[in-house]
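Fold and geometry: a report
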Amino acid sequence: TKAPVTVTVTGAAGTIGYAALFRVAAGAMLGHDQPVHLRLLELPAALGAAEGIAMELDDCALPQLASVEIFDDPRAAFDGVQQALLIGAKPRTKGMERADLLSANAAVFAEQGKVLGEVAADDVRITVVGNPANTNAAIAARHAPDIPRSRFSALTRLDHNRAIAQLARRAEVPVTAISGVTIWGNHSATQYPDIFHVRAGELSGEALATDRAWLVDDFIPTVAQRGSAIIAARGASSAASAANGTIDHVQDWALGTAGDGWTSAAIVSPGVYGVPEGLVCSFPVRSDGTDWEIVEGLEINDFSRARIDASVAELQAEIAAVDAL
Ligand code: NAI
């Protein structure tokens, strides 16, 4: 049998945490033959709720769940961690400016990055879900100089999956017939879902994009503003689909992406596709089971270029706002 993998989930008692933990413990993320040690990190006020989740995890009698532990101290929670899912973040409260949100979270992710650098396992992989996810990941990476940059990522897989679902509906094909989607930029309303390299069954993305009104007024805003649409409909933010995206992301990273296809993830830019080095930007990526690798050489047309540049400008402004404070 395999040695257990240590997985730490921050914000474990939140809505995404609750939707993610049971599937992680059941083997949906790292494989049904892979035992896991689960570590739940929460704020002191939510430790009771985390205890309740740990009781429910026990009650599933899951064969691959080697242990569950609860922490309010990041240093203990991250000690020896191999997969860190950083879901917990400070929410935006009434009257809070975006700069306040950025700086409040920068402080949290600077501290978590520093601690990860000190105590995480040598093979640690870090996935930031808590918003503003890209900039939080960039800040964590900066504060962990001993962890290779390639180990930090932020989640845009939910956006990627949203784009696949919309394309499948438009092309009237199953989701399995869609490939070649890319989310570029920030996990925010400026993100750019690029369909110009898509295959949708018999159709090409180029062909779908000839209907510019659909692309500009329907597809792109539907994907980019899906989070708000779900809040409006459900009265709560997307949690199960965000948990699902997180699991897909880590699964592809840790077990590898299939064939020559790709997915989307926000990773530290090495300075390709006109994205300045050091920004955590969403790219087309594949994994061999160890590191994300950016799919290079895709042609970027003027339509795409302008939209990628706008989202990258927002990422630069976020980092600048944090640096100014
Ligand atoms: P939630 O508010 O239900 O749960 C957040 C949990 O994190 C709370 O239990 C809180 O006590 C905990 N927490 C806060 N700061 C913490 C810290 N420093 N250490 C440990 N725990 C901490 O929120 P929800 O719905 O679970 O969302 C979590 C985050 O994920 C939010 O920032 C949200 O905006 C973001 N999100 C990101 C998506 C993406 O695609 N990247 C998609 C959907 C949500």
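No experiment lies behind these values; they were computed from the predicted model shown. (Residues numbered from 1 in each chain as written. Predicted model: local features only at pLDDT ≥ 70, side-chain atom pairs only at ≥ 80, totals over all residues.)

Pairing in this open sheet of nine strands is mixed, and the strands run E3-E2-E1-E4-E5-E6-E12-E13-E14 from one edge to the other. With partners counted over all chains shown, the strands left at the sheet margins are strand E3 (65–71) and strand E14 (292–294), one partner each. With strand direction ignored, the average angle separating the axes of adjacent strands in the sheet is 35 degrees. (Pairing = 2+ DSSP bridges. Helix = DSSP H or I, 4+ residues; strand = E, 2+ residues; numbered from the N terminus. Axes fitted to C-alpha atoms, helices over the stretch in contact; angles between N-to-C directions.)

The next thing to look at is the UniProt feature "binding site: NAD(+)" (unreviewed entry) in the chain. The UniProt record marks Gly11, Ala12, Ala13, Gly14, Thr15, Ile16, Gly17, Asn105, Gln112, Val129, Gly130 and Asn131 with the feature "binding site: NAD(+)" (unreviewed entry), using the residue numbering of this structure. Within the element layout of this structure, glycine 17 appears in helix H1 (residues 15–25). Under the C-beta neighbour-count criterion, glycine 17 is labelled buried, with 27 such atoms within 10 Å. Glycine 17 has contacts with Val9, Gly11, Ala12 and Ile87, leaving out every residue within four places of it along the chain. Of note, asparagine 131 is situated in the loop between strand E5 (125–128) and helix H5 (133–142). (UniProt positions renumbered as here; feature names shortened; annotations may be inferred. Buried ≥ 20, exposed ≤ 12 C-beta atoms within 10 Å, placed from the backbone. Contact = placed C-beta atoms within 7 Å.)

This brings us to the site of the ligand. Not every one of the 29 residues close to the ligand is listed here, only the nearest: Gly11, Gly14, Ile16, Gly88 and Asn131. Among the elements of the structure, H1 and helix H10 (240–255) are those that each provide at least two residues to the shell around the ligand. Looking at which element gives the most residues to the shell around the ligand, the answer is H1, with three residues. Along the lines of polarity and charge, the residues of the shell around the ligand split into 15 nonpolar, 12 polar and two charged. Residues lining the shell around the ligand come from more than one domain, with at least three contributed by each of domain 1 (5–154) and domain 2 (157–324). (Near = placed C-beta within 6 Å. Nonpolar A, V, L, I, M, F, W, Y, C, P; charged D, E, K, R; others polar. Domains from an automatic or database assignment.)

This brings us to the domain arrangement of the chain. You can read the domains of the chain as domain 1 (5–154) and domain 2 (157–324). One C-alpha centre belongs to domain 1, the other to domain 2; they are set 23 Å apart. Facing 32 residues of domain 1, the contacting portion of domain 2 comprises 30 residues. Mapped by element, the contributors of at least two residues to the side of domain 1 that touches domain 2 are H1, strand E4 (83–86), helix H4 (98–119), E5, H5 and strand E6 (152–154). The dominant element in the side of domain 1 that touches domain 2, judged by the number of residues it contributes, is H5, at seven residues. In terms of residue class, the side of domain 1 that touches domain 2 is built from 20 nonpolar, nine polar and three charged.

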